[in-house]
Amino acid sequence: MMRSAILHADTIHRSVDGGWNILETTPQAHIDRPRLLSSGVQCVGLSLWTDPVDPAPERCRRLIRQTEKLLQEAPEQFCCLTDKSRLENLGDKVGLLVVIEGAHAIADSLEVMAEFVQFGVRSLTLTWNNANSLADTCSEIRTPSGLTALGREFVTALEEWGCIIDLAHASQETFWQTLSMAPDRVWVSHTACTSLADHPRNLTDEQIAAIAQADGVIGVIFCPEFLDPTAPDSVTLDTVADHLEHMIKIGGRGCAAIGTDFDGITHLPKGMKGVEDLPLLIQRLRDRGWQEADIEAVGWENAYRVIHRALPVSSD
């Protein structure tokens, strides 16, 4: 089975809130261990998300404890991606790239982020739907817009820590300013193409081309409202394929990947129940005439390249 990577999934916070045991089959989830291991997925960007109104750092610590429990109870199947060596030597394990989604989850604090980096967090989505002390989001744009002085400090620190800077949810100014500061540490984990679906969360062709120029990667989201805001109920795996093909048309095969947003969205494209159906998307790409090398790039190699480049040589 072909390997693949998912750049963004919200399964941990859903499991905490819903009391799910994702080590067992969990029908209400998009991801659980049995379905994950049978799907060909070898890497998951595991998001630690907190509501902006929550006492965020403590909530985030609780999510980290849940992630630790998963790693401790199934060490033969899961590995926390903290350095290049762990990624290079995954074997049959699923690598977990632990992500904090929105700096509000760490109280906009470099000190708290440093604490979580010690655990193994290796990516920060600068903003969620709310602006914070670091930057604006596409849902809340202030004046002056873009990165703040603290946001620039964060970008520098994240580079030094070997973390990926995720520009999903970012405003245009935040996007461009961050990309200019750290072009080799940036990706957009879950989004779609503005040219096909005019939604504030999606990327313009200019942004897609810029990520490609920086040798970065963009994960296509599976949220129907982003893939086709005018007719979300009609979204299918072909719609996902359309967005992947548009990204490749603009930026080449090296810039596209699979984002999903599993367990962070309530509805998936028609014909999809969860991670077990990712092979259906792969088959859809074959049916469209994709070459195997292109499928490998989008499914696995592009994500691997960017993660490997960002991770430190050692987590010691």
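A quick note: this is a predicted structure, and the numbers were derived from the prediction, not measured.

## What to know about the packing of helix α1 (residues 11-18) against helix α3 (residues 56-73)
When two helices pack together, their arrangement is captured by the angle between the axes and the distance separating the axes. In contact at an axis separation of 10 Å, α1 and α3 are set at 100° when each is read in the N-to-C sense. Between α1 and α3, the crossing angle belongs to the class labelled roughly perpendicular. Together, I12, H13, S15, V16 and D17 of α1 and R59, R62, L63, Q66, T67 and L70 of α3 make up the contact between the two elements. Along the lines of polarity and charge, the residues of the contact of α1 with α3 split into four nonpolar, four polar and three charged.

## Focus on the nonpolar core
Grouped together as the largest cluster of nonpolar side chains are 91 residues, with contacts concentrated most on I100, F222 and F262. Among the elements that make up this core, the one with the highest residue count is helix α5 (residues 110-119) (six residues). Of all hydrophobic cores here, the second largest spans 18 residues; its members include A5, C43, C79 and L87.

## Some thoughts on the pairing of strand β5 (residues 121-125)
The element β5 is largely enclosed, with a buried count of five among its five residues. Here four bridges tie strand β4 (residues 94-101) to β5, and the two strands are oriented parallel to one another. Its bridge partner lying in β5, V99 is registered against S123. Remark: the β4/α5/β5 crossover connection has right-handed handedness. Taken together, the three bridges between β5 and strand β6 (residues 164-166) define a ladder with parallel strand orientation. Of the residues in β6, the one forming a bridge with T125 is D166. Chirality of the crossover, the property in question, places the unit of β5, helix α6 (residues 149-161) and β6 among those that are right-handed.

## Concerning the pattern of salt bridges
Opposite charge on two side chains permits pairing when their charged atoms draw close. In the structure shown here, the tally under the stated rule is 17 salt bridges. Taking the shortest distance from any N to any O, the salt bridge between R284 and D238 comes out at 3.2 Å. Pair noted here: R284 is in helix α11 (residues 278-287) and D238 is in helix α10 (residues 237-251), with a separation of 46 residues, a long-range link. In this structure, a network of salt bridges that share partners links the residues D238, D242, E245, R284 and R288.

## Brief notes about the side chain of D166
As for its placement among the helices and strands, D166 is situated in strand β6. Within the structure, the side chain of D166 is placed 3.3 Å from the side chain of T125, a separation counted as a polar contact. In this structure the side chain of D166 is engaged in a polar contact, spanning 3.0 Å, whose partner is the backbone nitrogen of A168. Those residues in contact with D166 that lie beyond four places of it in its chain are S123, L124, T125, L126, W187, V188 and S189.

What counts and how
Residues numbered from 1 in each chain as written. Predicted model: local features only at pLDDT ≥ 70, side-chain atom pairs only at ≥ 80, totals over all residues. Heavy atoms only, no water. Axes fitted to C-alpha atoms, helices over the stretch in contact; angles between N-to-C directions. Helix = DSSP H or I, 4+ residues; strand = E, 2+ residues; numbered from the N terminus. Parallel < 35°, antiparallel > 145°, perpendicular 65-115°, else oblique. Contact = heavy atoms within 4.5 Å. Nonpolar A, V, L, I, M, F, W, Y, C, P; charged D, E, K, R; others polar. Core = buried A, V, L, I, M, F, W, Y, C linked by side-chain atoms within 4.5 Å. Buried < 20%, exposed > 50% of the residue type's maximum accessible area, 1.4 Å probe, protein only. Pairing = 2+ DSSP bridges. Right-handed = clockwise from strand over helix to strand, strands pointing away. Salt bridge = Lys/Arg side-chain N within 4 Å of Asp/Glu carboxyl O. Polar contact = N/O pair within 3.5 Å; in protein donor to acceptor, adjacent residues only side chain to side chain.

These results come straight from atomic positions and should not be treated as a statement about function.
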